[in-house]
Amino acid sequence: MGMADPWWQNSVVYQIWPRSFKDSDGDGIGDLRGVNEKLDYLKDLDVDVVWLSPVYTSPNDDMGYDISDYRGIMDDFGTLADWDELVAGLHRRGIRLIMDLVVNHTSDEHAWFVESRRSRDDPHRDYYIWRPGHDGHEPNNWASAFGGSAWAYDEPTGEYYLHLFSPKQPDLNWDNPAVRREIYAMMRWWLDRGVDGFRMDVITAISKAPGLPDAHTASPGRYQFPGEHVLHGPRLMEFLREMRREALSPYDTLTVGEAFAVTVEQAIELTNPRDGPLDMLFHFEHMMLDSDPLGPLTFAGRRWELGELKRVMTRWQRELDGWNSQYLSNHDQPRQVSRFGDGGRYRVESAKMLGTFLHLLQGTPFIYQGEELGMTNVSFPSIEDYRDIATRNQYRELVEERGMDQAEVMKLIHRKSRDNARTPMQWDDSENAGFTTGRPWIGVNPNYTEINAAAALADPDSVLHYYRRLIGLRKANRVVVEGAYELILDDDPAIYAFTRGDGEDRLLVILNFTGGTPDFVLPGHLPPTGASLLIANYPADDAEIARLTLRPYEARVYRLAPPEPTIRR
Ligand code: NOJ
C-alpha cells in the first residue's frame, strides 16, 4: 500500500477465541473448521491479521492456556490438517495469522512435567521450578494470579513446584538453556508451517528474581502476587533478544507481548525500533482504571474516570518510543460497550464511539470477536453457569473464605468476569445464535435475538458496517497510521478530543463519553471553518465546528482545513 513499513503498523488485528467462535460439528464447542467457515466474514470486515487464542493440545484447566503438546491441536478443535487448511484459507484472502505463544508455563500433563515430577534427578527436573518446603510450609509467600499459594506440594519427590497461575500450569524454568532451545525450535516449527507471528502470553514473567524472595505485602500471613520479583525480571531482555535471534529473525513476523503492569520506560526497552526485541505490547493501565491493583484478575473495583483514561492513553501516545497496540477488549476482559459505554439504551451509539476511539488512536487496533457487533456482558444467575477458573476461584475465595454476600459477589462477576467475553459469538437469531446445533459449552447471551451478525449485515447503520468504515479510513488515510497525537480540552469531564497530524494533514476526533449532551468548544489554535467530516455515528454535516452540542455518545472525525499560508505575495 506504500504506507508505513512494517506491515503490522498498517494492520488491523481480529482476535478469535476459538472455543466460542463457531462450532462446525455440533459438539457445542467452537473449532478450526468453524473458523474456516467464517473467513469471508473476516475478509468483508477487511481485517489484515487474525490472532488465534490457543488451539494446542490441552486438558483445558485454563481454556487452552495450559498446553500439554505444543505441536498438537486440541481434540475439541480438530486436527493439524484443519489448521493447515485454515492458514491456507486466510493467506488466500491476504489475511495473516498470529498464534498465542504460551511459554511461561505448560500444562502439568505436558510430557516434560510428567517426567520432571518423577524424581529429583530426572533429566527434565530442571525444566520447572522446584524448591523444598520451608518448615513444613511453601518455599515463599507468593500468590498465584488465580488465588491461593503459587506453590503446589508434590508427593512423589516431597518438593513444591511454582505455578503463577493454576496448579495445572507449572512455570517453566527459563534459566535452563535446554528449555529455551526447545521453545525456539517449537516456534520455528510453527513459523515453517506458515504462522506469521505470535501473541506472547505473560511473556514479561519468564525471568524470576534469583533466590525467589518473599513478595512485599501489607498483610503478613497472606499470599501475595510477586509482581516485583517476576515481572520484567533480570534476564528478560536477554531471553527475548535470544528468542529474536534464534527463532524469529529469519521470518517476517508480528510479535505482541502481553505485559501486565509494564511501565512506559520498560515498554520502550522492549519495543523501541532500534533494538527492542518485540514489535508491540499490550499494557494494562487502562484496564486497571476500574480494578483493584492488588490482583490482575480480581473483581473488586471502582468506577473508571474519563480524566484518568485520558491521562493514561495520552502518556502512552506521547512517550512510547516504539509502536502502540490498541485494545479495549479481549478474552480476559469484560465487554467494552458494557464497561466503557452503555450496554443498554445507547448500545449502538456507544459501541461506535468506542470503535472510533480504538481506530483513531496511534497504534495497531485489536478487535475482539463480537466487539464489531456491539456484544455486551452477560448476567448468568448462578456461579454454576460460569466456566472460567479465575471466576470460580474468586467466587469461592470471596464467599467461602472472606464471607462476602453471594448476591454481591454475583454482581461483581456480572461486571468483571472473563466469561463476559467468552459467551458464544452471535451469528444469527436461530437457536443458540447460530453458533452450534448442539448444546453450547457455556450459555449464549439471551440478547442474541437482537444482537447478531446477520442482523448487523442487513442494517447499514449497524456497528459492524461502522467498523468496516473505520478500517477503511485507516487504509485510505496515512495520517490515521502515522499522525502524531495531541490531546485537546484536557480537563473536559465528558468529552475526549484529540488531533492526529503529520504536517500535511490533520484530523480532529471528538468523542462524547457520556449519555448527556455536552458542548464542544473548539480551541482557538484550530481552524473553525473548512473542516470536512470523515465519519460520525449520528447524521452530521460538514460545517462550522467552532461550537457543537454533542448527542449521547456522539463521535465525529473531521479533516481540518489546511493552515492558511502565512506568507503571501
Ligand atoms: C493471560 C491469558 O490471556 C489468560 O487467559 C491466561 O489465563 C493467563 N495468561 C495464563 O496463561
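You'll find the structure just up there.
The text that follows walks through the structure, step by step, so that each part is easy to find. (Residues numbered from 1 in each chain as written. Predicted model: local features only at pLDDT ≥ 70, side-chain atom pairs only at ≥ 80, totals over all residues. Heavy atoms only, no water.)

**Concerning the sheet that holds strand β9 (residues 197-200)**
Spatially, β1-β2-β5-β9-β10-β11-β12-β13 is the arrangement adopted by the eight strands of the closed barrel, whose pairing is parallel. For this sheet the average axis-to-axis angle between neighbouring strands, irrespective of direction, equals 25°. Sheet topology places strand β2 (residues 49-52) next to strand β5 (residues 96-101); four bridges connect them, and they run parallel. Each bridged residue has a counterpart across the sheet, and for V50 the counterpart in β5 is L97. This element, helix α8 (residues 236-248), spans β5, β9 and β10 (254-258) of the sheet and lies at about 150° to β9. (Pairing = 2+ DSSP bridges. Helix = DSSP H or I, 4+ residues; strand = E, 2+ residues; numbered from the N terminus. Axes fitted to C-alpha atoms, helices over the stretch in contact; angles between N-to-C directions. Contact = heavy atoms within 4.5 Å.)

**Thoughts on the site of the ligand**
Surveying the vicinity of the ligand reveals 13 residues, the closest of which are D62, D201, H331, D332 and R418. A distance of 2.5 Å is found between an oxygen atom of the ligand and a side-chain nitrogen or oxygen belonging to D332. At 2.9 Å from an oxygen atom of the ligand is found a side-chain nitrogen or oxygen belonging to R418. The fraction of the free accessible surface of the ligand (300 Å²) that becomes covered by protein chains is 97%. Class assignment for the residues of the shell around the ligand results in four nonpolar, two polar and seven charged. (Near = heavy atom within 4 Å. Polar contact = N/O pair within 3.5 Å; in protein donor to acceptor, adjacent residues only side chain to side chain. Areas by Shrake-Rupley, 256 points an atom, 1.4 Å probe, with all protein chains shown as cover. Nonpolar A, V, L, I, M, F, W, Y, C, P; charged D, E, K, R; others polar.)

**Some thoughts on the sheet that holds strand β20 (residues 555-559)**
One open sheet accounts for five strands, arranged β14-β15-β16-β20-β18; its pairing is antiparallel. Each edge of the sheet is formed by a strand with only one pairing partner; in this case those strands are β14 (484-488) and β18 (532-536). Across this sheet, the average inter-strand angle for adjacent strands is 20°, counted without regard to direction. In terms of strand pairing, β14 meets strand β15 (residues 495-501) through five bridges, oriented antiparallel.

**Digging into the packing of helix α9 (residues 264-271) against helix α10 (residues 306-319)**
Axis separation between α9 and α10 bottoms out at 11 Å; the angle between their running directions is 40°. The handedness of the crossing between α9 and α10 comes out as right-handed. The residues of α10 that touch α9, namely those facing V264, E265, A267 and I268, are R315, W316 and E319. Partitioning the contact of α9 with α10 into residue classes produces four nonpolar, no polar and three charged. (Left-handed = near helix turned anticlockwise from the far one by under 90°.)

**Comments concerning the pattern of salt bridges**
Evaluation of the coordinates by the stated rule reveals 39 salt bridges. K22 is paired through a salt bridge with E37; the nearest N and O atoms lie 3.6 Å apart. Here E37 lies in helix α2 (residues 32-37) and K22 lies in the loop between β1 (13-16) and α2, a separation of 15 residues in the sequence. Judged by relative accessible area, which is 11%, K22 ranks as buried. On the basis of relative accessibility, which here comes to 47%, the residue E37 falls in the partly exposed class. With a closest N to O distance of 2.8 Å, D84 and R193 form a salt bridge. In this pair, D84 is assigned in helix α4 (residues 80-92) and R193 in helix α6 (residues 177-193), connecting sequence segments 109 residues apart. Judged by its relative accessible area of 28%, D84 falls in the partly exposed class. Put simply, D62, D332, D388, R418 and R422 are held in one network by salt bridges that share partners. (Salt bridge = Lys/Arg side-chain N within 4 Å of Asp/Glu carboxyl O. Buried < 20%, exposed > 50% of the residue type's maximum accessible area, 1.4 Å probe, protein only.)

**Focus: the pairing of β10**
With five of five residues buried, β10 lies mostly within the body of the structure. Of the two faces of β10, both are covered, the one formed by L254, V256 and E258 as well as the one formed by T255 and G257. Looking at chain direction, β10 and strand β11 (residues 280-282) are connected through three bridges and run parallel. Pairing of E258 across the sheet is with F282, part of β11. Handedness of the crossover is the feature at issue here: the chain leaves β10, passes through α9, returns alongside β11, and the resulting connection is right-handed. (Right-handed = clockwise from strand over helix to strand, strands pointing away.)

**Thoughts on unusual backbone geometry**
If you check the backbone angles, V202 has positive phi at about 30° while not being a glycine. Relative to the helices and strands, V202 is located in the loop between β9 and α7 (227-230). In this structure, L212 takes a positive phi of about 45° despite not being glycine. By the secondary structure assignment, L212 is in the loop between β9 and α7.

**Re the pairing of strand β8 (residues 159-162)**
Residues E159 and Y161 point to one face of β8 and Y160 and L162 to the other, with burial holding for every one of them. Bridge count for strand β6 (residues 130-131) against β8 is two bridges, and the pairing is antiparallel. The partner of R131 across the bridge, within β8, is Y160. Relative to β8, strand β7 (residues 151-154) runs antiparallel, the two being bridged by four bridges. Following the sheet pairing, A152 is matched in β8 by Y161. Between the antiparallel neighbours β7 and β8 lie four residues, among them G158 with a positive phi of about 65°.

**Regarding the packing of aromatic side chains**
Tallied over the full model, the rule gives 31 aromatic pairs. Taken together, a centroid distance of 4.9 Å and an interplanar angle of 75° make the contact between W83 and W190 edge-to-face. A residue pair is termed long-range when its members are at least 10 positions apart, and W83 in helix α4 and W190 in helix α6 qualify at 107 residues. When sorted by exposure, W83 lands in the same class as W190, which is buried. Geometrically, the ring pair formed by W174 and Y184 is edge-to-face, given 6.4 Å between the ring centres and 65° between the ring planes. (Phe/Tyr/Trp six-rings, centres within 6.5 Å; stacked < 30°, edge-to-face > 60°.)

**With respect to the packing of helix α13 (residues 389-401) against helix α14 (residues 406-416)**
Interaxial distance between α13 and α14 falls to 10 Å at its minimum, and their mutual angle equals 150°. Taken together, α13 and α14 sit at an angle that is classed as roughly antiparallel. Seen along the crossing, α13 lies across α14 with a hand that is right-handed. Where α13 approaches α14, its residues T391, Y395, L398 and V399 are matched on the opposing element by Q406, V409, M410, L412 and I413. Partitioned by chemical class, the residues of the contact of α13 with α14 number seven nonpolar, two polar and no charged. (Parallel < 35°, antiparallel > 145°, perpendicular 65-115°, else oblique.)

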